[in-house]
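So the chains spell out like this:
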Amino acid sequence: MSSLIQSSLRRRGVIWIFCLLVIAGNSAWVLQSMDTLVEAKTPVEHVQNRLRTSRVLLETLLEAESSLRGYLLTGDRRFLQPYHSALTTLQRVRGEVSRLMSDDPAHARRVPELDQAIDDKLAELDEKATLFSQGDRDAALMRVAEGHGRERMERVRRLMDDYRTAEQAILDMHFGRQAEAIRHAYLTFTISTAISVLLVVLVAWLIRNSARSSAQAEAELQSRNRALAEALDSTARQSAHSNALSELGRFLQSSRDMDEAMALLDHYLPQVFAIPAGALYLTAASRNQLRLACQWGDIPNDEFFEPGDCWGLRRGQPYTQPDAEAPTRCAHLHAPENAGSRCLPITAHGEVIGLISLHGRGHEYALSEEQLAQTLEQVALSIGNLQLRETLRQQSVRDALTGLSNRRYLEESLARECARAQRKNLTVAVFMIDVDHFKQFNDRHGHEAGDAVLRTVGRLLRDHARESDIAARYGGEEFTLVLPEADRDAALARAEMLRAAVENLELSFHGSALGTLTISIGVALYPRHGHSPTDLMRAADQALYVAKRNGRNRAHLAESGSPAIAA
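Residues numbered from 1 in each chain as written. Predicted model: local features only at pLDDT ≥ 70, side-chain atom pairs only at ≥ 80, totals over all residues. Heavy atoms only, no water.

Of regular secondary structure, the protein chain possesses 17 helices and 13 strands. A total of 567 residues make up the protein chain; the buried ones form 40% of that total. Put simply, of all contacts in the protein chain between residues at least 6 apart along the chain, 64% involve residues at least 24 apart. Approximately 31500 Å² of the protein chain is accessible, and the part contributed by carbon and sulfur atoms is 53%. (Helix = DSSP H or I, 4+ residues; strand = E, 2+ residues; numbered from the N terminus. Buried < 20%, exposed > 50% of the residue type's maximum accessible area, 1.4 Å probe, protein only. Contact = heavy atoms within 4.5 Å. Areas by Shrake-Rupley, 256 points an atom, 1.4 Å probe, with all protein chains shown as cover.)

On to the confidence of the model for the protein chain, then. Of all residues in the protein chain, 85% attain a pLDDT of 70 or more, and the chain-wide mean is 78. In the predicted structure, residues 562-567 sits below a pLDDT of 50 and forms 10 contacts with residues beyond four places in sequence or in another chain. (pLDDT = per-residue confidence, 0-100.)

In this structure, S341 sits in the loop between β4 (319-320) and β5 (342-348). Reaching out from S341, the side chain makes a polar contact with the side chain of H359 at a distance of 3.2 Å. (Polar contact = N/O pair within 3.5 Å; in protein donor to acceptor, adjacent residues only side chain to side chain.)

The next thing to look at is a nonpolar patch on the surface. A surface patch of nonpolar side chains, about 300 Å² in accessible area, is lined by L187, I191 and I195. Note on placement: I195 falls in helix α7 (residues 148-210). (Patch = residues over 30% accessible without salt bridge, like charges linked within 9 Å, V, L, I, M, F, W, Y side chains within 5 Å. Salt bridge = Lys/Arg side-chain N within 4 Å of Asp/Glu carboxyl O.)

With that settled, consider unusual backbone geometry. In this structure, the amide linkage connecting Y526 to the following residue, P527, adopts the cis form with an omega of 5°. Within the secondary structure, P527 is located in the loop between β12 (519-526) and α16 (533-549). Located in the positive-phi region is E485, a residue other than glycine, with phi close to 65°. One can find E485 in the loop between β9 (478-484) and α15 (488-503). Among the residues examined, E485 registers a relative accessible area of 49% and is labelled partly exposed.

For the rest of this paragraph, the subject is helix α3 (residues 80-102). With 23 residues, α3 should cover 33 Å at 1.5 Å per step; its first-to-last C-alpha distance of 32 Å lies within 8% of that length. Residues of α3 that are buried include every one of L80, Y83, A86, L87, L90, V93, R94, V97, S98, L100 and M101, and no others. (Expected span 1.5 Å × (residues − 1).)

Let us look at the pattern of salt bridges. For the structure on display, the rule yields 14 salt bridges. The shortest N-O distance in the salt bridge between D399 and R473 comes to 3.4 Å. With a gap of 74 residues between them, D399 in the loop between α11 (369-397) and α12 (407-424) and R473 in strand β8 (residues 470-475) connect regions that are remote in the sequence. On the accessibility criterion, D399 (16% relative accessible area) is buried. The class of R473 is buried, set by a relative accessible area of 17%. Its salt-bridge partner being R494, residue D469 comes within 2.9 Å of it at the nearest N-O pair.

Another aspect to go through is the pairing of strand β2 (residues 290-296). Where strand β1 (residues 277-283) and β2 come together, 6 bridges link them in antiparallel fashion. Each residue of the ladder has a partner; that of A279, found in β2, is Q295. Relative to strand β3 (residues 304-305), β2 is paired through 2 bridges, and the arrangement is antiparallel. Its bridge partner lying in β3, L290 is registered against F305. (Pairing = 2+ DSSP bridges.)

Before going further, it helps to spend a moment on the packing of α3 against helix α5 (residues 111-133). Running from N to C, α3 and α5 cross one another at 170°; their axes reach a closest spacing of 11 Å. Taken together, the axis directions place α3 and α5 in an arrangement best described as roughly antiparallel. Between α3 and α5, the residues in contact are Y83, L87, L90, Q91, R94, V97, S98, M101 and S102 and V111, L114, D115, I118, D119, L122, L125, D126 and A129, respectively. Split by residue class, the contact of α3 with α5 holds 11 nonpolar, 3 polar and 4 charged. (Axes fitted to C-alpha atoms, helices over the stretch in contact; angles between N-to-C directions. Parallel < 35°, antiparallel > 145°, perpendicular 65-115°, else oblique. Nonpolar A, V, L, I, M, F, W, Y, C, P; charged D, E, K, R; others polar.)

Here it is, written out as structure tokens:
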């Protein structure tokens, strides 16, 4: 028994030493943290940099003045090299000083005055150099003797002294704050050391008292070790989960579009939910269907299903699938492996935007209910914000009535296509399209029927446009179609095909036939009819005017010598 006690005491001695090492390490870490705090001189360095830059500005300006004076007095052109070098350095340093002063509201109002003073001084130096270079040395020296240069230099020096005085006051303030932070850090170290000493005393007392019962102490120690290991493991899992969730949120916020976001979700969802299989469904725009966005694991998932097929969506809360076949099993989950799966509705901005389906039984879920709810909320918020951003982006470039690109997007895209065509020596065709007699059509059938016709024409344009084409509503009943890499023959063939398609439309509104609709098309080609978007649009518009003047319901190619191009 004595040997057991001695062995237990030796083990406790090791534990004691370990605790001391932990405490010493903690103290060293605290001291290191405070040393790091002491070394944090960023604000001081920033102010010192501003002071140094302002000093360089004055020195450079003085060097330029001295070099020019030497040149004026001796005529030695070697003085011009340091003069011009100083001017070059001055422009760079001047810009840096202006930027640094503009960053501070207290100094920003002095920037124009400083710029004017420097400009005056540089103008005076340039005037002297010019007079001397033109052979009028006496006039140049007279300008030096007049003393205006000293006045202008004193003005610059006074402005910079005011700036440096203010910066020096800020530097003194930062020094004071730094000293206060150092005192606070050392106070923290002192308190931490006292707590560590108390902890040592407490641990020593516990070890001494626990020596009375070796078996009980050993069991208790083992129990605590297990609890500590479990706590560390749980902490590590929680940390990894939090990091993955936070990283997912940052990447989703920076993603360019929904496709990129879905790839990110496909990569991160298995990590943040810590489950071997699952799927993400997003609600379709029609609100009557959920479509598979991404999935992971080996369990198959339906490509789409209706909201009524999921008990979780119908009840508006997370739902766990029963183990046996039952009428309460979700219809969108078919495989036997889905028993115990969970359906988690995703809600953002007050509406259901999708569903996360996790495939696993109770013991396979590593997250607690609270963690699961927090994770679901974070994922839902990220997806909801992404969808909202995508909706706003679409609204900013789409015409609300026809769904085509709007005029702003058209102008940006046409400029981009013209630049690309110029680089690669390609052609671009531009159609300016106008619905014939649309005003009379509106007056005869009403504005609602007119809007329906515009939507129909917009849909037809989308159907006849290639993936690389740009179909846009230019305004009113006018549309524009941009066809990259289309030559004359291809453009005219496409225009005729489009015109015939519109003419063959069978239009009706509220059950009443609206009659035949025709369009007129003006066609312009890059670079034949213009080298800029403005020229192309003007040429296409002029061609459209000719098509309408010649009887409408036709396509007309712009003429290279048309007034529109010459304008």
